[in-house]
Amino acid sequence: MEQKEFGRSGKKVSLLGFGCMRLPILNGEESNINEPLATQMLRLAIDGGVNYIDTAYPYHQEKSEPFVGRALSDGYREKVFLATKSPVWKVEKREDFDRFLDEQLSRLQTSWVDMYLLHALHRKSWEKIQNLGALDFLQEKIQQGKIRYAGFSFHDEREVFMDILEAFDWDFCQIQLNYMDTEYQAGLKGYEAARSKGMGIVIMEPLKGGKLANIHPQSQQSLKRVHPDWSPARWAFQWLQNLPGVSTILSGMSTMAQVKENLDTFATTHPFTQTEHDAIAEVQEKLASLKLIDCTGCRYCMPCPENVAIPEIFSFYNNVELFNALGESQWAYNKMLKPEQRATSCVECGQCESKCPQNLAIPSLLRKAHETLFRE
């Protein structure tokens, strides 16, 4: 497993990071983690060289951090850099930062967090937490040894990202980046700005919520002509591995097969040739021409107060566009979802839009999806 410099920290982290947001679950319940399987997966990854473990306060309905704490027992905590995130949307006063961190340390069964992030910053949350003393909090906790490296994850326009970069002596940042999102949010320009500051750069959504692992068959042909044995997921990961400033690439692994495939993919870095860059450019052009709902399946919009299954609906709709799977998607929408979970239950309260990292116009997109998917 190749290791990369974590910015100017002097530490090296594995190029593959284990994201604990999409762990295997039981009975379709996000909070019901399949703990024996998930523990085996996490420890296999660590034994295979992964030393960056990423979780957050809300993942798996607040069950991810306690699971990670248990899974890193038996000596595994000492083998890894552990990252988690402050739930800034819950903070209402300065003391809340301390309260949540102490709660997280207890959940994680540790006295310190290696990498601590202000979670999912956007313009409004950034303005709010600055006024509440977030930066003083980070500095204080670093001095106390409860946090070793301070960073932030980001979901907004590049202009906001640049403002945040200049506000603090950050150790690292976490940004959404993949070969289809080079101009989205921080994008490649934000990546370059962070790199110029000597920051560690953690990549999230390398597969765009799994979409780049299952691209349209016509687009896959552009890749198979060059490397018949490479999966679409490997192409996406290899593209990111060729960005020299990337410290670690998070993968939210849900199956043992994904862990094994990723360990194989990240065993070596393959320097891209012009032919490979050209193949990616072809896929970029083909996929950009498709009309997609740009949902990554992060589930920040959930739970919906009206019980609308927002991520599932968007996934069904995207499958129509990406895989010409109209019949299958209509069947799933009408048979797998209860009537109250369908788009027609949306009352346009706006709660989901305020939480969406992708800034999607969710109610109008739900109406669009329903028009395509519903069949009496």
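The structure under discussion appears in the preceding block.
This structure is a prediction, so every number in the text was calculated from the model and none was measured.

(A) Fine view of helix α1 (residues 35–47). Given a rise of 1.5 Å per residue, 13 residues ought to cover 18 Å, and the 18 Å separating the end C-alpha atoms of α1 matches this to within 8%. Taken together, the buried positions of α1 are occupied by A38, T39, M41, L42, R43, A45 and I46. Residues of α1 that are buried sit in contact with β3 (16–19), β4 (52–54), α3 (64–71) and α11 (256–265). One or two steps after α1, the chain reaches G49, where phi turns positive at roughly 115 degrees.

(B) Representation of the pairing of strand β7 (residues 147–154) in the model. Among the eight residues in β7, seven count as buried, and that is most of the element. Strand direction decides the pairing type here: strand β6 (residues 113–121) and β7, joined by six bridges, are parallel. Its bridge partner being in β7, L118 is matched across the sheet by F152. As defined by bridge partners, β7 adjoins strand β8 (residues 172–176) across three bridges and the pair is classed as parallel. The residue bridging F152 from the neighbouring strand is C173, located in β8. Running through helix α7 (residues 158–167), the crossover from β7 to the neighbouring parallel element β8 is right-handed.

(C) Just empty space enclosed by the protein, in detail. Across all of its chains, the model carries two cavities of 30 Å³ or more by this definition. One number sums up the size of the largest cavity: a volume of about 120 Å³. Every residue lining the largest cavity is counted, 17 residues in all, and those nearest its centre are C304, P305, I310, C349 and C352. Looking at the lining of the largest cavity, the elements that each hand over two or more residues are α15 (351–355) and α16 (362–373). Ranked by residue count, the leading element in the lining of the largest cavity is α15, at three residues. Classifying every residue of the lining of the largest cavity by side-chain character gives twelve nonpolar, two polar and three charged. In this structure, the second largest cavity spans a volume of roughly 100 Å³.

(D) Spotlight on the side chain of E276. Relative to the helices and strands, E276 is located in helix α12 (residues 274–288). Residue contacts for E276: discarding those within four places in its chain leaves V226, H227, W230, W235, H270 and P271.

Reading the values: the criteria
- Residues numbered from 1 in each chain as written.
- Predicted model: local features only at pLDDT ≥ 70, side-chain atom pairs only at ≥ 80, totals over all residues.
- Heavy atoms only, no water.
- Helix = DSSP H or I, 4+ residues; strand = E, 2+ residues; numbered from the N terminus.
- Expected span 1.5 Å × (residues − 1).
- Buried < 20%, exposed > 50% of the residue type's maximum accessible area, 1.4 Å probe, protein only.
- Contact = heavy atoms within 4.5 Å.
- Pairing = 2+ DSSP bridges.
- Right-handed = clockwise from strand over helix to strand, strands pointing away.
- 1 Å grid on protein atoms, 1.4 Å probe; cavity = no way out; pocket = protein on both sides within 12 Å on 5 of 7 lines; lining within 4 Å.
- Points joined across faces, edges and corners; volume = space filled by probe spheres on them.
- Nonpolar A, V, L, I, M, F, W, Y, C, P; charged D, E, K, R; others polar.

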